[in-house]
Amino acid sequence: MQTTERKVEIKPINCSHYIGGKYVESKSGKTFKNINPATEEVLGVVAEGGREDVNEAVEVARTALKGEWGNMPVRKRSAIIRKIGDLILERKQELATLETLDTGKPIWLSNSVDIERAAYNFHFFADYMTTVGNESYQQDDIAIHYSVRRPVGVVGLINPWNLPLLLMTWKLAPALAAGNTVVMKPSEVTPMTATVLAQICTDAGVPEGVVNMVHGFGNTGAALTSHDDVDAIAFTGETVTGSAIMKSAAPTLKKLSFELGGKNPNVIFADANLDDVIETTLKSSFINQGEVCLCGSRIYVERAIYDEFLERFVAKTKELKVGDPFAEDTKVGALVSEEHYNKVLSYLAIAKEEGGTFLTGGKKADMEKGFYVEPTIITGLGRDSRCVREEIFGPVVTVLPFDTEEEVMEQVNDTHYGLSASLWTGDVKRAARLSAQIEAGMVWVNTWFLRDLRTPFGGAKRSGIGREGGAHSFDFYSEITNVTLKL
Ligand SMILES: NC(=O)C1=CN([C@@H]2O[C@H](COP(=O)(O)OP(=O)(O)OC[C@H]3O[C@@H](n4cnc5c(N)ncnc54)[C@H](O)[C@@H]3O)[C@@H](O)[C@H]2O)C=CC1
Ligand SMILES: O=C(O)/C=C/C=C(\O)C(=O)O
């Protein structure tokens, strides 16, 4: 039995709302507890926002919209946005520690991915916004048509718990770059880094009232999505929540951007470089405890290399150390919450009932406290198994063999999801042919999660609406007016 002994000083924080440049408590006085998933200890309390807190935040954001932010010269606004990124890097260790305490993810991952990328989101959009142009058409000698951009207005940013600061900043940076004011609603499970981020924005020079935040559960988010004076909602999270948000936003016809769930295929052909396949598949299966919407949880392997793949993949998976997220050699930390842990364990029970074979894991990890699940590889399940079809969002993958391109492509697209896919092959013609057939927003060939923030990011089918990244983000957070100038 391993213990969860701490190796760093814990400095968790209580989380208040942030409205008009100040931390404030809920009008109702209500709070809830924030639990460390690695130890089950209470980290602190979080203000529980209600409709009245959301109303105040929206009102403040609306007032700030009339202030200097949206009308600021682009270079000045860009410098402030760049400064937010700089301050995130200055406070990297603190933010990484808070992120790991909240999520249970390994500290090296918080440092190297979550916080680095959060800073880069601001640096990227600070640069990008200075290059944005508008459409223009000359119509003979009759007219010139050109477009101008305005901010959309007050935007609600609602986020999940898996990459808390990375995903919040992925929305906040372009929203600010385009001149909007915002109300953020972080996940109730991971409130700490967003709480610090709000103050960082003010410290960087963002005027009061431009960045606001209300903590709370789904009903707090719903108060934002149904609010008459919120112009747009950018949401990342579960597909069913996206559907609920669409309903609640319908009466006020808000602009919506959705990045939703996935059950992403990882298709491995016999002509692929197997060393690369194993190294990357280990990550696409188990990084962040499998709690990344892009994880390749359905693995399809061409029969000629099926046994060799499994032998090597299983051996490498068994080497992954599960344990204290603050230990530098930990590869798989704790799942984010007891609720999510129980959900993942329930899928392991389903796999057993469905006749699956566990080649690794299949159970909770041997830890004294905390919500740890062993990295799990399951074979022997049919294509209709719930574990093959439903998003588990944990360190659990299924592996199935295939014989032909046609057969595997039919299975790849046999899902309501369409977020991402990975293809592994040495045949570039096959890569191009199949990539075009896959019903997903993103296809990685001989790689996974290789990001360039200029590219369109998002899902097809029930995995999303719209795309984020570069021009796509900028267009979402801008209202475009076409001007026709008669000559
Ligand atoms: N594809 C993705 O990017 C992600 C998918 N997930 C999936 O979601 C599952 C649960 O994770 P959660 O964070 O609980 O996702 P969720 O979709 O329930 O919650 C995401 C955010 O939406 C808020 N919310 C919940 N109900 C709402 C409503 N009716 N109106 C407005 N806001 C609402 C939550 O408070 C949270 O801030 C995971 O097990 C996983 O399957 C979770 C994280 C990321
Ligand atoms: O790289 C990004 O912008 C986002 C990555 C991951 C997610 O969106 C997710 O897991 O939710």
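Residues numbered from 1 in each chain as written. Chains lettered and ligands numbered in written order. Predicted model: local features only at pLDDT ≥ 70, side-chain atom pairs only at ≥ 80, totals over all residues.

A few words on the domain arrangement of the protein. According to the domain assignment, the protein contains domain 1 (17–260 + 463–486) and domain 2 (265–451). Averaged C-alpha coordinates put domain 1 and domain 2 at centres separated by 31 Å. With 19 residues of domain 1 in contact, the opposing surface of domain 2 contributes 22 residues. For the side of domain 1 that touches domain 2, the secondary-structure elements that each account for two or more residues are α3 (92–103) and α4 (107–128). The element that contributes the greatest number of residues to the side of domain 1 that touches domain 2 is α4, accounting for 3 residues. By residue class, the composition of the side of domain 1 that touches domain 2 is 8 nonpolar, 8 polar and 3 charged. (Domains from an automatic or database assignment. Contact = placed C-beta atoms within 7 Å. Helix = DSSP H or I, 4+ residues; strand = E, 2+ residues; numbered from the N terminus. Nonpolar A, V, L, I, M, F, W, Y, C, P; charged D, E, K, R; others polar.)

For the pair α3 and helix α6 (residues 192–204), interaxial distance at closest approach is 8 Å and the crossing angle is 150 degrees. When the interaxial angle is binned, α3 and α6 end up roughly antiparallel. Only Met192, Thr193 and Val196 of α6 make contact with α3, whose side of the interface consists of Leu95, Leu98, Glu99, Leu101 and Asp102. Looking at the contact of α3 with α6, its residues break down into 5 nonpolar, 1 polar and 2 charged. (Axes fitted to C-alpha atoms, helices over the stretch in contact; angles between N-to-C directions. Parallel < 35°, antiparallel > 145°, perpendicular 65-115°, else oblique.)

For helix α7 (residues 218–225), the tally of buried residues reaches 6 of 8 residues, placing the bulk of the element in the interior. Of all the positions in α7, only Thr220, Gly221, Ala222, Ala223, Leu224 and Thr225 are classed as buried. In this structure, the buried residues of α7 make contact with α1 (51–65), β7 (154–158), β8 (181–185), β10 (232–236) and α8 (239–249). (Buried ≥ 20, exposed ≤ 12 C-beta atoms within 10 Å, placed from the backbone.)

As a further point, take the environment of Val154. One can find Val154 in strand β7. The spacing of Val154 and Asn180 is 26 residues in sequence and 6.1 Å in space, taken between C-alpha atoms. Once residues lying within four places of it in the same chain are set aside, the contact partners of Val154 are Val58, Ala61, Arg62, Leu65, Thr181, Val183, Asp229, Val230 and Asp231.

Here we come to the site of ligand 1. Close contacts around ligand 1 come from 27 residues, with Pro160, Gly218, Gly221, Gly237 and Cys293 the closest. Elements represented by at least two residues in the shell around ligand 1 include exactly α7 and α8. A per-element tally of the shell around ligand 1 places α7 first, with 4 residues. Across the shell around ligand 1, the residue classes break down as 10 nonpolar, 12 polar and 5 charged. Shared between two domains, the shell around ligand 1 holds at least three residues of each, these being domain 1 (17–260 + 463–486) and domain 2 (265–451). (Near = placed C-beta within 6 Å.)

Our focus in this paragraph is the UniProt feature "active site" (unreviewed entry) in the protein. Mapped onto the present numbering, the UniProt feature "active site" (unreviewed entry) falls on Glu259. Residue position: Glu259 is located in strand β11 (residues 255–259). Those residues in contact with Glu259 that lie beyond four places of it in its chain are Thr236, Gly458, Gly459, Gly464 and Glu468. (UniProt positions renumbered as here; feature names shortened; annotations may be inferred.)

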